[in-house]
Amino acid sequence: MNRKRFSVGLLAAVAIVAVTLGAGLTGAPKPASAAPPKAPSYTVVRLDDANGAYVDVFAIGINDSGQVVGSLDDGGLRLAAYWQVTTGGTIRSTLTILNAAPAATANGINDSGEIVGAGNGLARYWSGPGANPIVLPPLPGYDLSNALAINNDGVICGTSSITGGGQQSVRPTAWRVNLVDGSPVVWGPVELPNSGGESRANSVNDTDVDGIALVAGYVLPDAVVWGVQSLTDGSLVVASVPE
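Undergrad: Run through the pattern of salt bridges, naming residues and quoting values.
TA: One pass over the structure, following the stated rule, counts one salt bridge. Asp49 is the partner of Arg46 in a salt bridge, and the nearest nitrogen-oxygen pair spans 3.0 Å. Take Arg46: its relative accessible area is 69%, and that puts it in the exposed class.

Undergrad: Can you lay out a negative patch on the surface for me, pointing to particular residues and giving the numbers?
TA: A cluster of acidic side chains, namely Asp64, Asp111, Asp153 and Asp206, defines a negative patch on the protein surface. Position of Asp153 among the secondary structure elements: in the loop between β9 (144-150) and β10 (155-161).

Undergrad: Tell me what's going on with the environment of Gly70, and back it up with residues and numbers.
TA: By the secondary structure assignment, Gly70 is in strand β2 (residues 67-74). Along the sequence, Gly70 and Ala59 sit eleven residues apart, while their C-alpha atoms lie 4.4 Å from each other. Setting aside anything within four residues of it in sequence, one finds Gly70 in contact with Phe58, Ala59, Ile60, Leu79, Ala80, Ala81, Trp83, Thr105 and Ala106.

Undergrad: Describe the pairing of strand β16 (residues 236-239), naming the residues involved and giving the relevant values.
TA: Note that strand β15 (residues 222-230) and β16 share four bridges and pair antiparallel. Note that in β16 the partner of Gln229 across the bridge is Val237.

Undergrad: Could you give an account of the pairing of β15, naming the residues involved and the relevant values?
TA: With eight bridges connecting them, strand β14 (residues 212-219) and β15 associate as antiparallel partners. Across the sheet, Val215 pairs through a bridge with Trp226, a residue of β15. Count of turn residues in the β15/β16 antiparallel hairpin: five residues, of which Gly234 carries a positive phi of about 95°.

Undergrad: Break down the nonpolar core for me, with residues and values.
TA: Cys157, Leu192, Ala201, Val204, Val215, Trp226 and Val228 are the most contacted members of the largest nonpolar core, which totals 13 residues. Elements supplying a minimum of two residues to this core: β10, β13 (199-204), β14 and β15. The biggest single contributor to this core is β14, with three residues.

Undergrad: Kindly report on the sheet that holds β9, identifying the contributing residues and their values.
TA: The strands that make up a sheet are held in pairs by hydrogen bonds between backbone atoms, and each pair lies either parallel or antiparallel. The strand order across the open sheet formed by four strands is β9-β10-β11-β12, and the pairing between neighbours is antiparallel. The strands lining the two open edges of the sheet, one partner per strand, are β9 and β12 (183-191). Put simply, the sheet's adjacent strands are angled 30° from each other on average, direction ignored. Inspection of the sheet shows β9 paired to β10 by six bridges, in the antiparallel sense. Bridging from a neighbouring strand, Ser145 pairs with Ser160 of β10.

Undergrad: Could you give me a rundown of the environment of Leu98, with the residues and numbers involved?
TA: Relative to the assigned elements, Leu98 resides in the loop between β4 (92-97) and β5 (104-109). On a C-alpha basis, the gap between Leu98 and Val69 in space is 9.5 Å, while along the polypeptide they are 29 residues apart. Among residues more than four places away in sequence, those in contact with Leu98 are Ala80, Ala81, Tyr82, Ala106, Ile115, Trp126 and Pro129.

Reading the values: rules and limits
Residues numbered from 1 in each chain as written. Predicted model: local features only at pLDDT ≥ 70, side-chain atom pairs only at ≥ 80, totals over all residues. Heavy atoms only, no water. Salt bridge = Lys/Arg side-chain N within 4 Å of Asp/Glu carboxyl O. Buried < 20%, exposed > 50% of the residue type's maximum accessible area, 1.4 Å probe, protein only. Patch = residues over 30% accessible without salt bridge, like charges linked within 9 Å, V, L, I, M, F, W, Y side chains within 5 Å. Areas by Shrake-Rupley, 256 points an atom, 1.4 Å probe, with all protein chains shown as cover. Lys, Arg positive; Asp, Glu negative; His and termini not counted. Charge placed at Lys NZ, Arg CZ, Asp CG, Glu CD. Helix = DSSP H or I, 4+ residues; strand = E, 2+ residues; numbered from the N terminus. Contact = heavy atoms within 4.5 Å. Pairing = 2+ DSSP bridges. Core = buried A, V, L, I, M, F, W, Y, C linked by side-chain atoms within 4.5 Å. Axes fitted to C-alpha atoms, helices over the stretch in contact; angles between N-to-C directions.

Everything listed here is a matter of coordinates, which is why it stays silent on function.
Structure, rendered in structure tokens:
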């Protein structure tokens, strides 16, 4: 009798423990699930194309003031383009076609609104969106040039090449534009060191206190950085990259 009573009591105790554990495992309130993240808010602004009058519109360069440059197609004729993007409740862009030779494109713009690109096979510089372009000549022995970027000190980088020479004829080139009594004066071209194969100068940063700017590009098969120095006489020379 005592053994039987013990067995029943033990079974009851086990049952109570099992129920208690089960309540702890399944009966506890679950934490509320986190609210799904909100979708990011953004705006994509379509730049002015004169209500569809132009096609194949490309934006290539932009400065800190929201001035954008690029190119567009007008009935098979490539034109260099400039947009002023403004904000203030509604984001708007206003298109200006740059004065240039046929087959033109604008590739870069600095914070002063100076623009570089190319037209009719030669690199071009515009002091502003309403200015007439100035030719940036190619290296001696070359007949084509293209300006790809300009920094805030008027140092420009790009390429020189030869008609029919293919990519193997492309050479990294730099220029400098100085404003003398408000009029732009071009120094250059300056050939950046290369191995004689395809090479290109794509981008340039701002000049430091020693007048040195860094130009990024490539000399196949390597990516490279060159140094160029703006001298007080207005000239531009190849310089060592600061350590």
